[in-house]
Amino acid sequence: MVNPLLFIRIIAALSIAAGINFFAASIWAQNATEEHPPRDVGGTLDRLSRQTYSDRHTATIEMWKDRDHSRAAVQEAARDSDPEVAGRARWILRQWRRGAMPDTPPEISRLLQAGDQPAAIERLIEAGQFSAAVVAVEESAGTIDRESIQRRINAALLRRFPIYVHTAMRSESLGDLLDLIDLVADSNETAACRFELMRLLEMPIADDKILPKSAASWSPLQRDTSTAILLAKSGRFDEAIEVARTSGNEQLWLNCLMMNSRWRTIADDRHDLAKRSDVGSIEHCLHWCQTMMAADRCGDTGLYNEAVKQLTAPEICKLEVASEYRWKYLANHGQVDAALDVLGPMNADAAASVALDSSRTRRAFEVLGFPIDRIDSDYLIWIDEAVAAQRNGPHLDLAPQIQTLLVLMQCLLSTGRDDVAWTIARRLCESDLRIDGNRKIRVAEYVLSTLAMTKRADWITRLSIDPADRSVTPDTLEIVGRVLPDADATTIDIVMDALSKMNPGHSPEQLFLSASRLISGEIPSDFNPDVDFARFFEVVTRPRAARSVRASDNQNVAIQANLNIVSMLSRLGQTKLAASCLSKLAQSGDTDAVFRMAEQSLDSGRADTASQLFELVYRTIELQGRFGGADDVALAGKSLIGLWTISRRSGDRERSDELMREIRFVLCTPSLQTRGELAEYLADREETALSIEAYQSLLPIKALSSNEADDLYSVARDYALTARDSAPADAAHWFDLAVIRSVESDDFRPSAFVTLPMYVGRWRLEDAIAKSDSIAARRHTERLLKLDPLDIDLAERLLPKMRDASMADLADQTFASVFDEGLRYTETFSLDAMVCNNLAWVAAMNATRLDEARRLSESAVQLEPDSAIYRDTLAEILFLSGDKPVALKIEQDCLLDDPGQWHLHEQIKRFSK
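Residues numbered from 1 in each chain as written. Predicted model: local features only at pLDDT ≥ 70, side-chain atom pairs only at ≥ 80, totals over all residues. Heavy atoms only, no water.

A. Local environment of the overall build of the chain. When you go through the chain residue by residue, the secondary structure sums to 49 helices and four strands. When the 913 residues of the chain are sorted by exposure, 54% land in the buried category. Contacts in the chain between residues at least 24 apart in sequence constitute 60% of all its contacts with a sequence separation of at least 6. For the chain, the accessible area works out to roughly 40700 Å², and carbon and sulfur atoms hold 49% of it. (Helix = DSSP H or I, 4+ residues; strand = E, 2+ residues; numbered from the N terminus. Buried < 20%, exposed > 50% of the residue type's maximum accessible area, 1.4 Å probe, protein only. Contact = heavy atoms within 4.5 Å. Areas by Shrake-Rupley, 256 points an atom, 1.4 Å probe, with all protein chains shown as cover.)

B. Structural context of the state of the cysteines. Per the stated rule, a full pass over the model turns up zero disulfides. No disulfide involves Cys-317; its nearest neighbouring cysteine sulfur is the one of Cys-285, lying 6.2 Å away. (Disulfide = S-S within 2.5 Å.)

C. The arrangement of the packing of aromatic side chains in detail. Going through the model one piece at a time under the given rule, you end up with 17 aromatic pairs. Taking 5.9 Å as the distance between ring centres and 20° as the angle between the ring planes, the aromatic pair formed by Phe-365 and Phe-829 counts as stacked. Taken together, the residues Phe-365 in helix H22 (residues 361-368) and Phe-829 in the loop between helix H44 (808-828) and helix H45 (833-846) connect sequence positions 464 residues apart. Residue classification places Phe-365 among the buried residues on the basis of a relative accessible area of 1%. Ring geometry for Trp-422 versus Trp-459: centroids 5.1 Å apart, planes at 75°, classification edge-to-face. Here the residue Trp-422 occupies a position in helix H25 (residues 418-430), and Trp-459 occupies one in the loop between helix H26 (443-451) and helix H27 (474-483), the gap between them amounting to 37 residues. Each residue in the set Tyr-713, Phe-735, Phe-748, Tyr-759 and Trp-763 is aromatic and connected to the rest through ring pairs, giving one cluster. For the cation-ring pair, Arg-648 lies above Trp-644, with the distance from its terminal atom to the ring centre recorded as 4.4 Å. If you follow Arg-762 out to its NZ or CZ, it ends over the ring of Tyr-759, 5.5 Å from the centre. (Phe/Tyr/Trp six-rings, centres within 6.5 Å; stacked < 30°, edge-to-face > 60°. Lys NZ or Arg CZ within 6 Å of the ring centre and 35° of its normal.)

D. Main features of a negative patch on the surface. The grouping of Glu-708, Asp-710, Asp-746 and Asp-747 at the surface amounts to a negative patch. Among the secondary structure elements, Asp-747 is positioned in the loop between helix H40 (728-742) and helix H41 (752-770). (Patch = residues over 30% accessible without salt bridge, like charges linked within 9 Å, V, L, I, M, F, W, Y side chains within 5 Å. Salt bridge = Lys/Arg side-chain N within 4 Å of Asp/Glu carboxyl O. Lys, Arg positive; Asp, Glu negative; His and termini not counted. Charge placed at Lys NZ, Arg CZ, Asp CG, Glu CD.)

E. Region of the structure containing unusual backbone geometry. Positioned with a positive phi, Glu-172 is a non-glycine residue whose angle comes to about 55°. Tracing the chain through its elements places Glu-172 in the loop between helix H10 (146-170) and helix H11 (174-184). One non-glycine residue with positive phi stands out, namely Arg-849, at about 50°. Note that Arg-849 resides in the loop between H45 and helix H46 (850-863). We classify Arg-849 as partly exposed; its relative accessible area is 27%.

F. Representation of the side chain of Arg-417. When you line up the elements, Arg-417 lands in the loop between helix H24 (400-414) and H25. Take Arg-417: its relative accessible area is 14%, and that puts it in the buried class. Apart from the residues within four sequence positions on either side, Arg-417 is in contact with Asp-376, Leu-412 and Leu-831.

G. Structural detail: H24. In a regular helix each residue adds 1.5 Å, so 15 residues correspond to 21 Å; H24 covers 21 Å between its end C-alpha atoms and thus fits that length. Of all 15 residues in H24, 11 are buried; the element is thus mostly enclosed. Burial in H24 covers these residues: Ile-402, Thr-404, Leu-405, Leu-406, Val-407, Leu-408, Met-409, Gln-410, Cys-411, Leu-412 and Leu-413. Elements in contact with the buried residues of H24: helix H21 (348-357), H22, helix H23 (375-392), H25 and H26. (Expected span 1.5 Å × (residues − 1).)

H. Up close: the environment of Ala-847. Take Ala-847: it is sitting in the loop between H45 and H46. Each C-alpha atom of the pair Ala-847 and Ser-881 lies 9.2 Å from the other, and the pair is 34 residues apart in sequence.

I. Summary view of helix H37 (residues 672-684). Here H37 spans 18 Å end to end across 13 residues, near enough to the 18 Å set by a 1.5 Å rise per residue. For H37, the complete set of buried residues consists of Leu-672, Thr-674, Arg-675, Gly-676, Glu-677, Leu-678, Ala-679, Tyr-681 and Leu-682. Glu-686, located one to two residues past H37, shows a positive phi value of around 65°.

J. The arrangement of the packing of H22 against H24 in detail. Where H22 meets H24, the closest approach of the two axes is 11 Å, and the angle between their N-to-C directions is 160°. By the angle class used here, H22 and H24 are roughly antiparallel. The handedness of the crossing between H22 and H24 comes out as left-handed. Residue-level inspection shows Ala-364, Phe-365 and Leu-368 of H22 in contact with H24, the latter providing Thr-404, Val-407, Leu-408, Cys-411 and Leu-412. (Axes fitted to C-alpha atoms, helices over the stretch in contact; angles between N-to-C directions. Parallel < 35°, antiparallel > 145°, perpendicular 65-115°, else oblique. Left-handed = near helix turned anticlockwise from the far one by under 90°.)

K. Structural view of the environment of Leu-484. Mapped onto the elements, Leu-484 comes out in the loop between H27 and helix H28 (489-502). Setting aside residues up to four positions removed in sequence, Leu-484 forms contacts with Ile-492, Ser-516, Ile-519 and Ser-520.

L. Representation of the packing of H44 against H45. Two elements in contact, H44 and H45, have axes whose closest approach is 10 Å; the angle formed by their N-to-C orientations is 155°. Accordingly, the angle class assigned to the pair H44 and H45 is roughly antiparallel. The handedness of the crossing between H44 and H45 is left-handed. Of the residues in H45, those touching H44 at Phe-815, Val-818, Phe-819, Gly-822, Leu-823, Tyr-825 and Thr-826 are Val-835, Cys-836, Leu-839, Val-842, Ala-843 and Asn-846. Residue composition of the contact of H44 with H45, grouped by class: 10 nonpolar, three polar and no charged. (Nonpolar A, V, L, I, M, F, W, Y, C, P; charged D, E, K, R; others polar.)

M. Structural detail: the pattern of salt bridges. In total, this model carries 62 salt bridges according to the counting rule given. Among the ionic pairs, Arg-427 bridges to Asp-384, the shortest N-O distance being 2.5 Å. With Arg-427 in helix H25 and Asp-384 in helix H23, the pair connects residues that are 43 residues apart, well separated along the chain. Assessed through its relative accessible area of 40%, Asp-384 is described here as partly exposed. Note that Arg-517 is salt-bridged to Glu-522, the shortest N-O span being 3.2 Å. For Arg-517, a relative accessible area of 38% puts it in the partly exposed group. Looking at Glu-522, the relative accessible area reads 37%, which means it is partly exposed.

N. Representation of the side chain of Ser-691. Residue position: Ser-691 is located in helix H38 (residues 688-705). In contact with Ser-691, other than residues within four places in its own chain, are Ala-679, Leu-682, Ala-683 and Thr-722.

O. Region of interest: the confidence of the model for the chain. Per-residue confidence for the chain gives a mean pLDDT of 88, with 88% of residues at or over 70. This model gives residues 1-39 a pLDDT under 50, and the stretch forms 48 contacts once residues within four places in sequence are excluded. With pLDDT under 50 throughout, residues 546-555 is counted as low confidence; its partners more than four residues away or in other chains account for 20 contacts. (pLDDT = per-residue confidence, 0-100.)

P. Broad picture of the environment of Val-420. Residue placement: Val-420 occurs in helix H25. According to the relative accessible area criterion, Val-420 is buried, its value standing at 2%. Taking C-alpha positions, Val-420 is 7.5 Å from Tyr-379, a pair spaced 41 residues apart along the chain.

The following block contains the structure:
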């Protein structure tokens, strides 16, 4: 038998040679041979001063091991007058602060000895040594490193939480990870993470333990905010509201009330403040705005009308900031005409945008100062005046005349006057106008950005060439990349570069136009598919020596192509080349490409291959360590979802349950961005129930921890789109809160304050229809028509549902209102083929007023005879009117023009019967 002391000495000697501390090596060896029961601390402390070295050494190791019982004694010994006793005690304290424990593997110990304390603790976490990290954090209390340690651990948790969960589950140390979060949590997000972990682990959460230990150093407001969030997440809204009220943070209190739909309380409170505030003050205006908001939602019509009267009174505050609130609140709550009265004198361009998107088209032209009856005679004059204003004035941005002309262009496109709109766009782009102060900025780029928001984004490519040198600027490439399918500026650059290598003599203009056509899915005239696709593939997949990326354990050379190139090849019918390109990307170390291949394998039923690829993605990201980013970790979470899908489909119940448990833990991540990405991905994979659960856990944090409108809006929008079919009322509730919050933001287009409330209204109407609540259905319908009297979606999609729910009278009245408004519109704007077609289709869907619908449909087809969509509408009306042979002939002709439209096949089958 080997002498234990000799074994310790051998290990120590080898450890010293490798740079490992003698004590660390010794205790590792002792742990490997035997387990020691807890020692008597007092006796052990006495032995630190014994004469024999072996006694002193053994006592040191035992105290290091038994931190829970020996910590106070070690701290006392560190102040001992005996230098060796104090030295040994200080060594133990240093190990604890570093996170070095007796069971820490030697390779980790080496890292801890070599690094500074904050970095060393981060290495512990990466290695899954969570209990050691807890010790290090506890020992860092009161040191100069404590703040740095806490900051680094929180940053690591934000960036790598899903990986830490995976490691903790494998080592059964979730409790240690939770303890670590408890010690370092520094935000509402991390506090929510801890709270949710405790619930998943079925740990009791007493009221005095609802916040993490670290909250002792938080500000009172932060503690109150986190407490309110966690109480709300528990469904204890009364307590959350009370905490918010006593916090002194009025916005937190209002947010809590709104989240729980306490509109009556808000209405009474804001009404009282409005009556007591000084008339003409900003506060007076804002209180009445909020009174209207709350009264509208609690059904107090009298108070709502009183608030509207106050907000449109002459003596209301005329300051611009107050007017900005006023018009947004009015528009948001159905008072669109009153909102336009306020907005028009402030900002005619914004008012025109609001009028246009609320089907008040004539008013849009009026507020811009361009009479409808003078468009044909004067539009060239208006263009010349705007161009002259930009050229002659010292404008550091767009001249006001140019800006107004761009809004006019939008109005013209919206009403079917593409001819005049094209002339405006072409003239402004070809005039080579530049912004004074930065001659590199072209006015044309503003034109292209405007077109990107209209139905004529297809004009952008034709207008992108800089007339000065026939090139395309980087800013223009960014705009073009936004409107082409699966593209960005980098993708266009890749295609142009490849085409340049294939055709060295081509000009930048030729290369750009050909690249744009290819990305759009079209073959340029100078491109030979039989030869050039293979040449293109060879160019974009040729290895580049300039840089390399790491895929798994091997170093691979990157290629020029990206996933957008794969999509482009697929769109062009080159499926084999697309698959080969994807494979090349994966081989080059592109983790996104490997993930795409995994998804394709999953969707095509190749479960074994998909499983291997998902595992590869996860392992790659896991090995990236602290160099990985939030997007990478989200991809790791998506890979877990893929593996869960595979195990569930294969019937592996045990593996499925295990992965489901891990996914639920991962969804507790303090990174709200990662949570949102995973919730969205679950929805994309049609895992709707789990996606909704993830969003519902995320929304209270967003609603109460931040007053940034965009912060709540993006999550509420995604949740609403996921939940609108299964829970339309809840979808409407959260999206409504986000829209309310957006009123105080400058990041939304003016027309959003009409269009966004319409989504809320439609979802509420769907809920009322589903519940057969005819009173609520009428109320929501009336609001929708106030927002947009020509709401085609309402008439097409929801009126048939009304009839199915025995609300035929309301459906008939609503249809008549929308259809008659549409007829009045087409009398003025007879060239608007889209509205003519949409009205005709709505009549067909409601099987009424078919004679008028036929005239509208024939007009649309006459205006745009190449549109298969418009001819399909005419065929539907003819079929419903009894003229079935003609309807069938039209559909057959449509199919020749657009054979990929499955709807046309269904129509032909239906008409043939």
